[in-house]
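Topology and contacts: notes
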Amino acid sequence: MPDQATLAVPISVVPAEPARAWEARYVAVLLLVDLAVGLAAGAAAFGVRFGNDVTPYNRWYLALSGLLSLAFVLALALCRAYERRFLFVGTEEYQRVLRAGMSLTATVAVVSYAFEVRLARGYVVVALPLATVTGIALRFALRKRLHRVRQKRGDCLRRVIVVGHELAVVAITRQLRRERYHGLDVVGCCLPPRYDGRVGLPVYGTFDEVGDAVRTARADTVIVLSCPELDGATLRRLAWRLERDDVDLIVASSLVDVAGTRTTIRPVDGLPMMHVEHPNLSGPGRVLKTVIDRLAALVLLLVLAPAMAAIAFAVSAGSPGPVLFRQVRVGKDGREFLMYKFRTMHRDAHHRLAELRHLNDYDDVLFKLRDDPRVTRVGRWLRRFSLDELPQLVNVLRGQMSLVGPRPPLPEEVAVYPEDVRRRLAVRPGLTGLWQVSGRSDLPFTEAVKLDLRYVENWSFSLDLVILLRTLSAVCRASGAY
């Protein structure tokens, strides 16, 4: 075994703040926010239904607004919306808030009918949906603030020991360090016997020394990667050992890009078996998504019509050429369609591509140039805030695209796709997607494809909602837009 002292990378072994402390504070803030949301929703519903006049008839609705706040928090607690395993990352938190709001609405309806309690329907219709939507929005805002703290200051992170073979440890460490918003900071690893130790991390010993590694590194989380040495009995003993020190254990699944909602543990003859459900590629949910997409596109086109007219005038006045740029893209099941965008380049951009191709900032599949001289002055501003993509709402209205989905690929991209990448063509491409909110043009092509495949495999309405909210943030920051 090599000398571990020569392999160690200097790190701070004292965390800035214990994970339990900032997590408890975060949950306390969530509780206060939810109480305020309930009160505000009740007050807003009172104002909408009764105005500013307080009468003997509606006076008790003021007290009901206070009870609504407590009932909303109780519903969230019953739906486990305050459990830390559902917070910080992922869409499960928002699903539980939505479930709590729907359950509370159903409970109020049943109780008022069963006990013949006369409630003003206008009050209920405003208060409960408003509390649910506002609760989701504020939780999203709190989470984004937490992510910014993690990214910029390196605070509120969990100190992680990774257990596995060298190549797997290097791969997961690289992935976790690329984006710190998830809150997992790898501070060391444990490798199998006779390791070479060249992983760019402090090595705290072998698989048998995980407990000592946790104490030495002051870690609060252990990630176990898939490897044959760590069988069920070994993992069970490790879990018991970590339980005594209140250290979290995470087992990294070898099922790539399969979300927890598609996996269930079911006992078969006393053995726990993981069942993987098929992804949701068809059925009522997809039909409803299509209906929502088209209705939303129609409303957005009507609302944004004046702004789009102003953009069209600016494009036309900024440089000679057509207002719209039309390009063939590949949609669902490999069907080609004509995608629309506001023109952001000079009219001779296609003819100048050959002389600029050697300056490509992206990769061999797509051509991207950070300071592309072919982009007009107006076009650079449109790209910065993704306003050039607004005409794609027409594609959404025609059913060729969706509001949220994989990036619409070019035919030449699809021609060189390996078989597994063609999976991204199983759903309609989107005006925005995981690729849009995870770096846009700053992402390597392989990473963008991986995000598209993850979306296809794990689609849900809550995931679409999160992506739409994150899109607003990404567009405002103009990150990765060029």
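Counting restarts for each chain: residues are numbered from 1 in the order of the written sequence. Two thresholds apply to this predicted model, a pLDDT of at least 70 for residue-level local features and 80 or more for giving and counting side-chain atom pairs, whereas whole-chain, interface and lining totals are computed over all residues. To obtain the side-chain values, all non-hydrogen atoms of the structure were used and water was disregarded.

Our next topic: the overall build of the protein chain. Elements are defined by DSSP. Helices are runs of H or I of four residues or more, strands are runs of E of two residues or more, and each kind is numbered from the N terminus. Each helix and strand counted, the protein chain has 16 helices and 10 strands in total. Burial classes: relative accessible area under 20% of the type maximum marks a residue as buried, over 50% as exposed, and values in between as partly exposed (1.4 Å probe, protein chains only). The buried share of the protein chain, taken over its 482 residues, is 45%. We call two residues in contact when some of their heavy atoms are within 4.5 Å. When contacts within the protein chain are restricted to residue pairs at least 6 apart in sequence, those whose partners lie at least 24 apart make up 70%. Carbon and sulfur atoms make up 61% of the accessible area of the protein chain, which amounts to about 25700 Å² in all. In this description, accessible areas are obtained by the Shrake-Rupley approach with a 1.4 Å probe, and a residue is regarded as covered only by the protein chains that are shown.

Of note, Ser 462 is situated in helix H16 (residues 461-477). You can call Ser 462 buried: its relative accessible area is 12%. Counting of polar contacts relies on pairs of N or O atoms within 3.5 Å, with two restrictions inside protein: one atom must be capable of donating a hydrogen and the other of accepting it, and residues adjacent in sequence are counted only when both atoms are side-chain atoms. Polar side-chain contacts of Ser 462 include one of 2.5 Å to the side chain of Gln 95. Apart from the residues lying within four places of it in its own chain, the contact partners of Ser 462 are Thr 91 and Gln 95.

This part takes up the side chain of Asp 34. You can see Asp 34 is positioned in helix H2 (residues 19-50). Asp 34 gets classed as buried once you look at its relative accessible area, which sits at 0%. When neighbours within four sequence positions are excluded, Asp 34 is seen to be in contact with Ser 69, Phe 72, Val 73, Leu 76, Tyr 82 and Arg 139.

Two packed helices can be described by the angle between their axes and the distance between those axes. For every element, the axis is a line fit to its C-alpha atoms; helices are fit only across the contacting stretch, and the angle between N-to-C directions ranges from 0 to 180 degrees. Two numbers describe how helix H3 (residues 59-78) lies on helix H5 (residues 121-153): the axes approach to 12 Å, and their chain directions differ by 45 degrees. Considered as vectors, H3 and H5 are oriented oblique to each other. Of the two elements, H3 crosses H5, and the hand of that crossing is right-handed. Seen from H3, the contacting residues are Tyr 61, Leu 64, Ser 65, Leu 68, Phe 72 and Leu 76; seen from H5, they are Tyr 123, Ala 127, Leu 128, Ala 131, Thr 132 and Arg 139. Gly is placed with the polar residues, together with every amino acid not listed as nonpolar (Ala, Val, Leu, Ile, Met, Phe, Trp, Tyr, Cys and Pro) or charged (Asp, Glu, Lys and Arg). The class makeup of the residues in the contact of H3 with H5 is 9 nonpolar, 2 polar and 1 charged. Angle categories: roughly parallel below 35 degrees, roughly antiparallel above 145, roughly perpendicular from 65 to 115, and oblique for all the rest. Take the far helix as your reference; a near helix turned counterclockwise from it by less than a right angle gives a left-handed crossing, and one turned clockwise gives a right-handed crossing.

We now examine the pattern of salt bridges. Think of a salt bridge as a Lys or Arg side-chain nitrogen and an Asp or Glu carboxyl oxygen that are within 4 Å of each other. The full count for this structure, using the stated rule, is 21 salt bridges. With a shortest N-O distance of 3.4 Å, Glu 23 and Arg 84 are connected by a salt bridge. Placement of the pair is Glu 23 in helix H2 and Arg 84 in the loop between H3 and helix H4 (92-114), with a sequence separation of 61 residues. Glu 23 sits in the buried class, given a relative accessible area of 3%. When the shortest N-O distance is used, the salt bridge between Asp 388 and Lys 341 registers 3.6 Å. With Asp 388 in the loop between helix H11 (377-384) and helix H12 (392-397) and Lys 341 in strand E8 (residues 336-342), this residue pair connects regions lying 47 residues apart in the sequence. In this structure, Asp 388 and Lys 341 share a single accessibility class: buried.

For the protein chain, the mean per-residue pLDDT works out to 82, and 86% of the residues sit at or above 70. Values of pLDDT, the confidence the predictor places in each residue, fall between 0 and 100. Looking at the elements of the protein chain, mean pLDDT is at its lowest for helix H1 (residues 4-7), recorded as 38, and at its highest for H12, recorded as 95. Low confidence marks residues 1-16, where pLDDT is under 50. Its contacts with residues over four positions away, or in another chain, come to 30 contacts.

We call a set of buried residues a nonpolar core when its members are Ala, Val, Leu, Ile, Met, Phe, Trp, Tyr or Cys and they connect through side-chain atoms within 4.5 Å of each other. Within the largest apolar cluster, 37 residues are counted, with the highest numbers of intra-cluster contacts made by Tyr 26, Leu 76 and Tyr 123. When residues of this core are traced back to their parent elements, those giving at least two are H2, H3, H4 and H5. The dominant element in this core, judged by the number of residues it contributes, is H5, at 10 residues. Each residue touching Tyr 123, except ones within four places of it in the same chain, is listed here: Gly 42, Ala 45, Phe 46, Arg 49, Tyr 61, Leu 64, Ser 65 and Leu 68.

Here we come to H3. Over its 20 residues, H3 runs 29 Å from end to end, which matches the ideal 28 Å to within 8%, given 1.5 Å per residue. Regarding H3, the residues found buried are Tyr 61, Ser 65, Leu 68, Ser 69, Phe 72, Val 73, Ala 75 and Leu 76. Following H3 by one or two positions, Arg 80 adopts a phi angle in the positive range, close to 60 degrees. Expected span, for any helix, means 1.5 Å times one less than how many residues it has.

Attention now goes to the packing of H3 against H4. At a minimum axis distance of 8 Å, the contact between H3 and H4 shows a crossing angle of 125 degrees. Here H3 is positioned oblique relative to H4, judged by the angle of their axes. As for how H3 packs across H4, the hand of that crossing is right-handed. Contact residues: H3 offers Leu 68, Ala 71, Phe 72, Ala 75 and Leu 76, while H4 offers Val 97, Ala 100 and Leu 104. Here the contact of H3 with H4 is composed, by residue class, of 8 nonpolar, no polar and no charged.

Attention now goes to unusual backbone geometry. Trans is the prevailing form of peptide bonds, just as negative phi is the prevailing case for residues other than glycine. Positive phi, close to 60 degrees, is recorded for Arg 80, a residue that is not glycine. Summarising the element assignment, Arg 80 is placed in the loop between H3 and H4. Looking at Arg 80, the relative accessible area reads 35%, which means it is partly exposed. The backbone phi angle of Arg 218 is positive, close to 55 degrees, even though this residue is not glycine.

Let's shift gears to the environment of Ala 75. Mapped onto the secondary structure, Ala 75 falls in helix H3. The class of Ala 75 is buried, set by a relative accessible area of 10%. Spatially, the C-alpha atoms of Ala 75 and Leu 104 are 6.4 Å apart, while their sequence positions differ by 29 residues. Ignoring sequence-local partners within four residues, the contact set of Ala 75 consists of Ala 100 and Leu 104.

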